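Structural overview
What follows is the residue order along each chain.
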Amino acid sequence: MDYVSTRGSAPALDFAGVTLAGLARDGGLYLPRTWPRFTADEIAAMRGLPYAQLAQRVMQPFVGDCLTPQRLGQLCEAAYGRFAHAAVTPLKQLDQQHWLLELFHGPTLAFKDVALQLLGLLFEEFLKPGDDPLTIVGATSGDTGSAAIDAVAGRARIDIFMLHPRGRVSDVQRRQMTTVMAPNVHNIAISGSFDDAQAHVKAMFADTAMAGRYRLSAVNSINWARLMAQVVYYFAAALQLGAPERKVAFAVPTGNFGDVFAGYVAAQMGLPIERLIVATNVNDILHRALQDGDYSAGTVTETATPSMDIQVSSNFERLLFDLGGRDGAALSAQMQGFEATKAMRLTNAQRANLGYGSAAALFSSARADAGDMAQALRWAWEHTGELIDPHTAVGLHAARAAGIDPAVPVVTLATAHPAKFRDAVERATGQRPPLPARIGDLFEREERMTELSGDYAAIAAYVAQHATPRA
Ligand SMILES: *Cc1c(COP(=O)(O)O)cnc(C)c1O
């Protein structure tokens, strides 16, 4: 299997190449050249497999010759053996039609662990002795940072520098990053917003002096391997609910469009999906883009769902590439227009292929404001006895409003553990969710981080001082 860039001019790479590179050299994102497809019989034969074995089956076509089935299976066992639930991503029934897919049983309590635990192992697998060491630089609004740090802490030939906006991540999120004492982990708290942190990271990748001296790499969801690992739990849930004979709908709390794009990939691979419901908070660029073709970024409004407070959804580019007939040159021009003006319209072809609003459409979308979110959170508590996190509540609101045929099960992706956002959960329900025992001493652990101004030069100097240069 080889991978092509959405912008059409970066060299094609194999799976190991795209895993280590993250972003394509032409500014685009990598996608498999074609979608592998399973027959209904092949899907039926996956029923009842333990999660790690299912993961190997679903991912092998993407990995190609880069790992033998046996080796990929071993890495999956290692990655998913660290989860606190034997099913890894268990389903929980809420009522006759609605289900939660609990994706938060990993070490840092959000779905990011499902992909990043595997990615940490893949990095180590593909970095050969004598290769240049990897310098991972990332920005986080909370969940990606803690999951990435947990995944690479203590690994050889990898340093990680994680920027977070000082004072704007929850106490639990900050401590999950800053209490990791491995010497290859560097937390940087900057003054400014998440967007400022993200801009510094982009500046570093564009800084030819830094990129020449260090082998920079990314762990956000522009990395294909992350999306690939997320495809697996769509299969796991649908198989339990009757796939391939029965269709299932999914509601997905969405920020960077990574998680829901993994659902789109599952559908391309032959999994019968009735609907992918894209759920946004008031930062609703994706809802507007899908519904009206209007992809225009406003300013970010802070909400109780910080992982969805996003105005530019990187992975949406991957969907537009596919919908527009995979024309890299045309998409490159469209995206450059967006980057210059922060606004663009979907083309007629892209909108026609979306078919939004038609009975056959794969995607629908909904936007939840603060009241909708709190109401869904309270509904879950009062009617089912479940405490859910605010991101999950945005998804559940959209799931319940989507008007899906009552014969079709609707699965809401539970993207974070409620304890990670316990102030917001308590405001809505009066209940304060306890921290799970596995991170129960988080507030007694020592913290370590470096505070820097919002000045790019200071951040680059800090990275240069602590990273290992290319050989
Ligand atoms: C990252 C995150 C999201 C958004 O996922 P995307 O893949 O960026 O769309 C939603 N909820 C939680 C809790 C997250 O951590």
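Source: prediction; values computed, not measured. (Residues numbered from 1 in each chain as written. Predicted model: local features only at pLDDT ≥ 70, side-chain atom pairs only at ≥ 80, totals over all residues. Heavy atoms only, no water.)

**What to know about the overall build of the protein**
In terms of helices and strands, the protein carries 19 helices and 15 strands. Scaling as 2.2 N^0.38, a compact globule of 471 residues should have a C-alpha radius of gyration of about 23 Å, and the protein matches this with 21 Å. Referenced to the eigenvectors of the C-alpha coordinate spread, the extents of the protein come out at roughly 60 × 50 × 50 Å. Evaluated residue by residue, the protein yields a buried proportion of 60% over its 471 residues. Contacts spanning at least 24 positions in sequence make up 75% of the contacts within the protein whose residues lie at least 6 apart. (Helix = DSSP H or I, 4+ residues; strand = E, 2+ residues; numbered from the N terminus. Rg over C-alpha atoms; globule rule 2.2 N^0.38 Å. Buried < 20%, exposed > 50% of the residue type's maximum accessible area, 1.4 Å probe, protein only. Contact = heavy atoms within 4.5 Å.)

**Side note on the pairing of strand E7 (residues 185–190)**
Among the six residues in E7, six count as buried, and that is most of the element. With six bridges connecting them, strand E6 (residues 158–165) and E7 associate as parallel partners. By the bridge assignment, His164 is partnered in E7 with Ala189. Viewed along the sheet, the connection from E6 through helix H7 (residues 171–178) into E7 turns out right-handed. Where E7 meets strand E15 (residues 450–452), three bridges bridge the pair, whose relative direction is parallel. Its bridge partner lying in E15, Ile188 is registered against Thr450. (Pairing = 2+ DSSP bridges. Right-handed = clockwise from strand over helix to strand, strands pointing away.)

**Remarks on unusual backbone geometry**
Backbone torsion omega between Ala243 and Pro244 reads 5°, so that peptide bond is classified as cis. Its location among the elements puts Pro244 in the loop between helix H10 (224–240) and strand E9 (248–253). Unlike most non-glycine residues, Val88 shows phi in positive territory, near 65°. As for its placement among the helices and strands, Val88 is situated in the loop between helix H4 (69–80) and strand E3 (91–93).

**What about the packing of helix H5 (residues 112–126) against H10?**
Put simply, H5 and H10 touch, their axes get as near as 8 Å, and they point 130° apart. One way to sum up the angle between H5 and H10 is to call them oblique. Of the two possible hands of crossing, H5 and H10 adopt the one that is right-handed. Two secondary-structure elements touch here, H5 through Lys112, Val114, Ala115, Leu116, Leu118, Leu119 and Leu122 and H10 through Ala225, Arg226, Met228, Ala229, Gln230 and Tyr233. Each residue belonging to the contact of H5 with H10 can be placed in one class, and the counts come to ten nonpolar, one polar and two charged. (Axes fitted to C-alpha atoms, helices over the stretch in contact; angles between N-to-C directions. Parallel < 35°, antiparallel > 145°, perpendicular 65-115°, else oblique. Left-handed = near helix turned anticlockwise from the far one by under 90°. Nonpolar A, V, L, I, M, F, W, Y, C, P; charged D, E, K, R; others polar.)

**Focus on the side chain of Ser313**
With respect to the helices and strands, the residue Ser313 is situated in the loop between strand E11 (294–296) and helix H13 (316–323). Beyond its immediate stretch of four places on either side in the chain, Ser313 contacts Gly255, Asn256, Phe257, Leu286 and Tyr295.

**Topic: the site of the ligand**
Around the ligand, the structure places 14 residues, and the nearest of them are Lys112, Asp143, Gly255, Asn256 and Asp259. Taking Phe257, its main chain carries an N or O atom lying 3.1 Å from an oxygen atom of the ligand. Within the complex, 96% of the 380 Å² of free accessible area of the ligand lies under protein. (Near = heavy atom within 4 Å. Polar contact = N/O pair within 3.5 Å; in protein donor to acceptor, adjacent residues only side chain to side chain. Areas by Shrake-Rupley, 256 points an atom, 1.4 Å probe, with all protein chains shown as cover.)

**Quick word on the packing of aromatic side chains**
Taken as a whole and assessed by the stated rule, the structure comprises 19 aromatic pairs. An angle of 50° between the planes, with centres 5.9 Å apart, marks the rings of Tyr3 and Trp224 as tilted. Of this pair, Tyr3 sits in strand E1 (residues 3–5) while Trp224 sits in helix H10, and the two are 221 residues apart along the sequence. A relative accessible area of 0% means that Tyr3 is categorised as buried. Here the guanidinium or amino end of Arg400 rests over the ring plane of Trp379, the centre of that ring lying 3.9 Å away. (Phe/Tyr/Trp six-rings, centres within 6.5 Å; stacked < 30°, edge-to-face > 60°. Lys NZ or Arg CZ within 6 Å of the ring centre and 35° of its normal.)

**Considering the packing of helix H16 (residues 370–384) against helix H17 (residues 390–401)**
Relative orientation of the contacting elements H16 and H17 amounts to 90°, with a least axis distance of 8 Å. Comparing their axes, H17 and H16 come out roughly perpendicular. Here H16 contributes Asp372, Met373, Ala376, Leu377, Trp379 and Ala380 to the contact with H17, which in turn contributes Pro390, Ala393, Val394, Leu396, His397 and Arg400. Residues that form the contact of H16 with H17 fall into these classes: nine nonpolar, one polar and two charged.

**What to know about H7**
An α-helix turns once per 3.6 residues; consequently, residues spaced three or four apart project the same way. Of all eight residues in H7, seven are buried; the element is thus mostly enclosed. Inspection of H7 places Val172, Gln173, Arg174, Arg175, Gln176, Met177 and Thr178 among the buried residues, and these make up the whole buried set. Elements that come into contact with the buried residues of H7 comprise helix H6 (143–152), E6, E7 and helix H18 (422–429).

**Remarks on the environment of Val312**
Tracing the backbone through its elements, the reader meets Val312 in the loop between E11 and H13. Relative accessible area serves as the criterion here: at 37%, Val312 is assigned to the partly exposed category. Aside from chain neighbours lying at most four places away, what touches Val312 is Asn256, Tyr295, Ala297 and Phe338.

**Things to note about the pattern of salt bridges**
Per the stated rule, a full pass over the model turns up 23 salt bridges. For Glu124, the salt bridge identified is with Arg155, shortest N-O distance 3.0 Å. With Glu124 in helix H5 and Arg155 in the loop between H6 and E6, this residue pair connects regions lying 31 residues apart in the sequence. Given the relative accessible area of 34%, Glu124 is considered partly exposed. Here Arg155 falls in the buried class, since its relative accessible area comes to 19%. For Arg432, the salt bridge is made with Glu426, and the minimal N-O distance between the two is 2.8 Å. Accessibility expressed as a relative area gives 40% for Arg432, which makes it partly exposed. Residue class for Glu426 comes out partly exposed when judged on its relative accessible area of 32%. What you see here is one network of salt bridges that share partners, running through Asp171, Arg174, Arg175 and Glu447. (Salt bridge = Lys/Arg side-chain N within 4 Å of Asp/Glu carboxyl O.)

Read these as spatial facts, not as claims about activity.
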